[in-house]
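# Results of the structural survey
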Amino acid sequence: MRVQIPILMYHQIDQPPPSGTPLRGMVVSPGAFARQMKLIKLLGYKGLSMPELMPYLKGQKEGKVVGITFDDGYRNNLKHALPILKAAGFSATVYAVSNAIGRTNSWDAPLGIEMKRLMSEAELRTWIKAGMDVGAHSRDHIDLTRCHADAVRDQIVGCRKDLEDALDAAVLHFCYPYGRYTSAHKRIVRAAGYQSATTVQRGRAGTGDSMYALPRVLVAQSTNLLHMLLKLKTRYEDRHR
């Protein structure tokens, strides 16, 4: 029997910017995030980081679980999301951009999006010490489908090396920048020693899915509790695959 497991995709946990701001939907307020985690717990789910989720994705364990991921590594994940996760007894993975540690989301500047501080090495270590996980999101957050094969390999392989050297922790899970990838990229990720790779393709992950092209469930600023319930318990997200 195919088991459907939601892997939640977040970006920033902060006060949303004014209406009309580009990509405003990618900023979920701390209050909304807290309510979402409470709902997940009330429904009997356990929120897990990617390393802890893997046995369920592979069919080695059974249970009501939800993956929790954050793209880019914003400092506001540490400030606002971490206390809520710890209070719920959940873990999560943040995908860090290794050449942008302690800097900002400069790749968003052409879109007119406000620059926000990303976690420093010390802050990422704090995240790990709190029982959370750090995954890789490439060295420079570039569109891999527009890169030569050598550059792609450098972005994927190099990011893992950078993070492991900086954090003295295993980095075994990857997230494709912008969710864009090819079959060749999947092979490089696997050869680099990663155990999984997530995309921005919408849907719940199934036990039969490739571990190197896992879909996720988008959680946006507009996601209310009813939407969250539908995303977790029904084919609401799967229909968008």
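Structure's up top.
Criteria and thresholds
Residues numbered from 1 in each chain as written. Predicted model: local features only at pLDDT ≥ 70, side-chain atom pairs only at ≥ 80, totals over all residues. Heavy atoms only, no water. Salt bridge = Lys/Arg side-chain N within 4 Å of Asp/Glu carboxyl O. Helix = DSSP H or I, 4+ residues; strand = E, 2+ residues; numbered from the N terminus. Core = buried A, V, L, I, M, F, W, Y, C linked by side-chain atoms within 4.5 Å. Buried < 20%, exposed > 50% of the residue type's maximum accessible area, 1.4 Å probe, protein only. Contact = heavy atoms within 4.5 Å. Axes fitted to C-alpha atoms, helices over the stretch in contact; angles between N-to-C directions. Parallel < 35°, antiparallel > 145°, perpendicular 65-115°, else oblique. Left-handed = near helix turned anticlockwise from the far one by under 90°. Nonpolar A, V, L, I, M, F, W, Y, C, P; charged D, E, K, R; others polar. 1 Å grid on protein atoms, 1.4 Å probe; cavity = no way out; pocket = protein on both sides within 12 Å on 5 of 7 lines; lining within 4 Å. Points joined across faces, edges and corners; volume = space filled by probe spheres on them. Arc of directions from axis to C-beta. Pairing = 2+ DSSP bridges. Right-handed = clockwise from strand over helix to strand, strands pointing away. Disulfide = S-S within 2.5 Å. Phe/Tyr/Trp six-rings, centres within 6.5 Å; stacked < 30°, edge-to-face > 60°. Lys NZ or Arg CZ within 6 Å of the ring centre and 35° of its normal.

### Topic: the pattern of salt bridges
Two side chains of opposite charge can pair, provided their charged atoms sit close to one another. Per the stated rule, a full pass over the model turns up 14 salt bridges. A salt bridge links Glu-164 to Arg-160; the nearest nitrogen and oxygen atoms lie 3.1 Å apart. Residue Glu-164 and its partner Arg-160 are located together in helix H5 (residues 149-167), separated by four residues, close to a single helical turn. Residues joined by salt bridges that share partners form a network here, namely Arg-139, Asp-154 and Asp-162.

### Digging into the nonpolar core
One broad rule of soluble globular proteins: the nonpolar side chains tend to lie buried together. Ranked by size, the top nonpolar core spans 65 residues in total, and within it Tyr-10, Phe-70, Leu-85 and Trp-127 carry the most contacts. Sequence-distant contacts of Trp-127, that is, excluding residues within four places in its chain, are made with Phe-70, Asn-77, Leu-78, Leu-82, Leu-85, Ala-92, Val-94, Met-119, Met-132, Asp-133 and Val-134.

### Examining the packing of helix H1 (residues 30-42) against helix H7 (residues 225-233)
At a minimum axis distance of 10 Å, the contact between H1 and H7 shows a crossing angle of 45°. Considering their axes alone, H1 and H7 lie oblique with respect to each other. In terms of crossing hand, the pair formed by H1 and H7 is right-handed. Mapping the contact onto sequence places Arg-35, Gln-36, Leu-39 and Ile-40 in H1 and Leu-225, Met-228, Leu-229 and Leu-232 in H7. Residue composition of the contact of H1 with H7, grouped by class: six nonpolar, one polar and one charged.

### Topic: empty space enclosed by the protein
Gaps between atoms show up when a probe of the same size as a water molecule is rolled over them. Under the criterion given, the structure shown has one cavity of 30 Å³ or more. Estimates place the volume of the largest cavity at around 30 Å³. Considering the residues around the largest cavity, the lining is formed by Asp-72, Gly-73, Ala-96, Val-97, Ala-100, Ile-101, Leu-118, Met-119 and Leu-124.

### A few points about helix H4 (residues 121-129)
Along H4, the residues classified as buried are Glu-123, Leu-124 and Trp-127. End-on, the buried residues of H4 take up no more than an arc of 100°, which puts them together on one face. Exposed side chains of H4 directed beyond 90 degrees from the buried face belong to Ala-122 and Lys-129. Gly-131 sits one or two positions beyond H4 and adopts a positive phi of about 95°.

### A few points about the pairing of strand E8 (residues 133-136)
Covered by surrounding structure in E8 are Asp-133 and Gly-135 together with Val-134 and Ala-136, the residues of both alternating faces. Two strands pair when backbone bridges link them, and strand E7 (residues 93-96) and E8 are joined in this way by four bridges, in the parallel orientation. For Val-94, the partnering residue across the bridge sits in E8 and is Val-134. You can see the chain leave E7, run along H4 and come back into E8, and the turn it takes is right-handed.

### Side note on the environment of Arg-241
Relative to the assigned elements, Arg-241 resides in the segment after H7. Along the chain, Arg-241 and Gln-12 lie 229 residues apart, while their C-alpha atoms are 24 Å from each other. Setting aside anything within four residues of it in sequence, one finds Arg-241 in contact with Arg-2, Gln-201, Arg-202, Gly-203, Arg-204, Asp-209 and Pro-215.

### Quick notes on the state of the cysteines
Summed over all chains, the structure comprises zero disulfides. Free cysteine Cys-147: the closest other cysteine sulfur is in Cys-159, separated by 13 Å. Looking at Cys-147, the relative accessible area reads 23%, which means it is partly exposed. Take Cys-159: it sits in no disulfide, and the sulfur closest to it among the cysteines is that of Cys-175, at 10 Å. Look at Cys-159 and you get buried, because its relative accessible area is 0%.

### Some points on the packing of aromatic side chains
Both the distance between ring centres and the angle between the ring planes are used here to describe each pair of aromatic rings. What the rule picks out here adds up to seven aromatic pairs. Ring centres 5.9 Å apart and planes at 55° place the aromatic pair Phe-33 and Phe-70 in the tilted group. Linking Phe-33 in helix H1 with Phe-70 in strand E6 (residues 65-72), this pair joins segments that are 37 residues apart in sequence. With relative accessibility at 0%, the residue Phe-70 sits in the buried group. Their ring planes at 90° and their centres at 6.0 Å tell us that Phe-70 and Trp-127 sit as a pair that is edge-to-face. Of the two residues, Phe-70 is situated in strand E6 and Trp-127 in helix H4; the sequence distance between them amounts to 57 residues. The exposure class assigned to Trp-127 is buried, which follows from its relative accessible area of 0%. Pairwise contacts between aromatic rings join Tyr-10, Phe-33, Phe-70 and Trp-127 into one cluster. One cation-aromatic arrangement involves Lys-64 over Tyr-45; the distance from NZ or CZ to the ring centre is 4.8 Å. A cation over an aromatic ring shows up here: Arg-160 above the ring of Tyr-194, its NZ or CZ 6.0 Å from the ring centre.

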